[in-house]
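Chain by chain, the residues:
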Amino acid sequence: MQSNPLRIGTRGSALALAQAHETRARLMAAHDLPEDAFEIVVIKTSGDQIQDRPLSEVGGKGLFTKEIEEAMLDGRIDLAVHSSKDMPTVLPDGLALTAFLPREDVRDAFLSPKAKTLMDLPHGAVVGSSSLRRQAMIKRLRPDIDVVMYRGNLQTRLRKLAEGEVDATLLAYAGLRRLGLEGEVTSLLETEDFLPAVGQGAICIESREGDERTLEMLQAIHDRETQIRLDAERAFLAVLDGSCRTPIGGLALLNGDELTLKGTVLKPDGSEVHDEVRSGRAADAVQIGQAAGEALKARMGPGFLSSH
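About the cut-offs
Residues numbered from 1 in each chain as written. Predicted model: local features only at pLDDT ≥ 70, side-chain atom pairs only at ≥ 80, totals over all residues. Heavy atoms only, no water. Pairing = 2+ DSSP bridges. Helix = DSSP H or I, 4+ residues; strand = E, 2+ residues; numbered from the N terminus. Axes fitted to C-alpha atoms, helices over the stretch in contact; angles between N-to-C directions. Contact = heavy atoms within 4.5 Å. Phe/Tyr/Trp six-rings, centres within 6.5 Å; stacked < 30°, edge-to-face > 60°. Lys NZ or Arg CZ within 6 Å of the ring centre and 35° of its normal. Buried < 20%, exposed > 50% of the residue type's maximum accessible area, 1.4 Å probe, protein only. Parallel < 35°, antiparallel > 145°, perpendicular 65-115°, else oblique. Left-handed = near helix turned anticlockwise from the far one by under 90°. Nonpolar A, V, L, I, M, F, W, Y, C, P; charged D, E, K, R; others polar.

Caption draft 1: Representation of the sheet that holds strand β11 (residues 248-255) in the model. The antiparallel open sheet is built from three strands, whose spatial order is β11-β12-β13. Strands at the two margins of the open sheet, each flanked by one partner only, are β11 and β13 (273-281). Here the strands of the sheet are splayed against their neighbours by 10° on average, with no regard to which way each runs. Note that β11 and strand β12 (residues 258-266) share eight bridges and pair antiparallel. Bridge pairing links L253 to T260 in β12. Against the sheet, helix α4 (residues 132-141) makes contact with β11, β12 and β13, and its axis sits at roughly 75° relative to β12, the strand it touches most. With respect to the sheet, helix α9 (residues 285-300) is in contact with β12 and β13, its orientation differing from that of β13 by roughly 155°.

This is the structure:
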């Protein structure tokens, strides 16, 4: 039994807590430790407090991690559990992504009381989404429907949908599954038509570099396949700047030792899209991601990312 519990930092949303509890359960099982060997520490982030405007206008993804990372650097927590798709590509000095849990289903889910699929929505329907990627992909497939800003945690978005504020919304299927809300899903969007966000469906764990006790404990629950796939996707995102202001989708798949990455970049109104597919050895995941990003960057031309 450890005298001082391992402190797990997390945001306070139901989904964030479910992910922190899953991490704790895996650590308990891997090390045969009781629940009180771990302490879950809830940290309120700027991203949770700003609900009235798009994150891209107020600082992007780092708003969900900044306060948690400060707590780790201060020594108030030992590790942090995040949704990988919320993580900026550049981390503060002294911190690293040191473990990944096995990846969930990566697809986006379509939820609507009005239609079975996105393509079945009536002309002029209103779809709520806070993701620039989803907004651009919806507009590309259905330029005739109205896409509106839709912030709030998962439960808030489900409530707004039930109250008729929008006709439909899209959410990560992984998050719904982790909360036991699969029953809310009307249909799933296949990745061939609708590439997910980089890191979607993957829980990552961030900790201090050189913190041997924590690193050793995390190694027992680390999923190498998820890390290889995320290495490629995050390298791809890093080349393209990967801020919240750019609609980007990316997905790496592993088949034995062969890694294939598909990436896409869209204009926010969906009027233009560029796709790239790269394959190679799993050991070259980062280089594959970078090459895909560079190829798209070259094809888009200088004005593409700055035109909005």
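That covers the picture; the talk isn't over yet.
Caption draft 2: Quick peek at the packing of aromatic side chains. Scanning the model with the defined rule gives zero aromatic pairs in all. Looking at K160, its charged tip hangs above the ring of Y150, at a distance of 5.4 Å from the centre.

Caption draft 3: Up close: the environment of P122. Position of P122 among the secondary structure elements: in the loop between β5 (108-111) and β6 (126-128). Owing to a relative accessible area of 44%, P122 belongs among the partly exposed residues under this scheme. Taking the C-alpha atoms as reference, P122 lies 42 Å from D223; in sequence the two are 101 residues apart. Aside from chain neighbours lying at most four places away, what touches P122 is R142 and I145.

Caption draft 4: Just the sheet that holds β5, in detail. Taking strand neighbours across the sheet as the criterion, the five strands line up as β7-β6-β8-β5-β9 in an open arrangement whose pairing is mixed. With one partner strand each, in any of the chains shown, β7 (146-148) and β9 (187-189) form the two edges of the open sheet. On average, each strand axis in the sheet is inclined to that of its neighbour by 30°, with strand direction left out of account. Bridging between β6 and β7 involves three bridges; their strand directions are parallel.

Caption draft 5: A look at the side chain of T191. Structurally, T191 can be placed in the loop between β9 and β10 (203-208). For T191, a relative accessible area of 17% gives the class buried. Those residues in contact with T191, other than ones at most four positions away along the chain, are V106, R107, P196 and L251.

Caption draft 6: Focus on the packing of helix α8 (residues 224-239) against α9. Across the interface, α8 lies against α9 with an axial gap of 7 Å and an inter-helix angle of 30°. Taken as axis vectors, α8 and α9 run roughly parallel relative to one another. Crossing angle aside, the handedness with which α8 passes α9 is right-handed. Contacts from I228, D231, A232, A235, F236 and V239 in α8 reach A285, V286, G289, Q290, A292, G293, E294, L296 and K297 in α9. Here the contact of α8 with α9 is composed, by residue class, of nine nonpolar, three polar and three charged.

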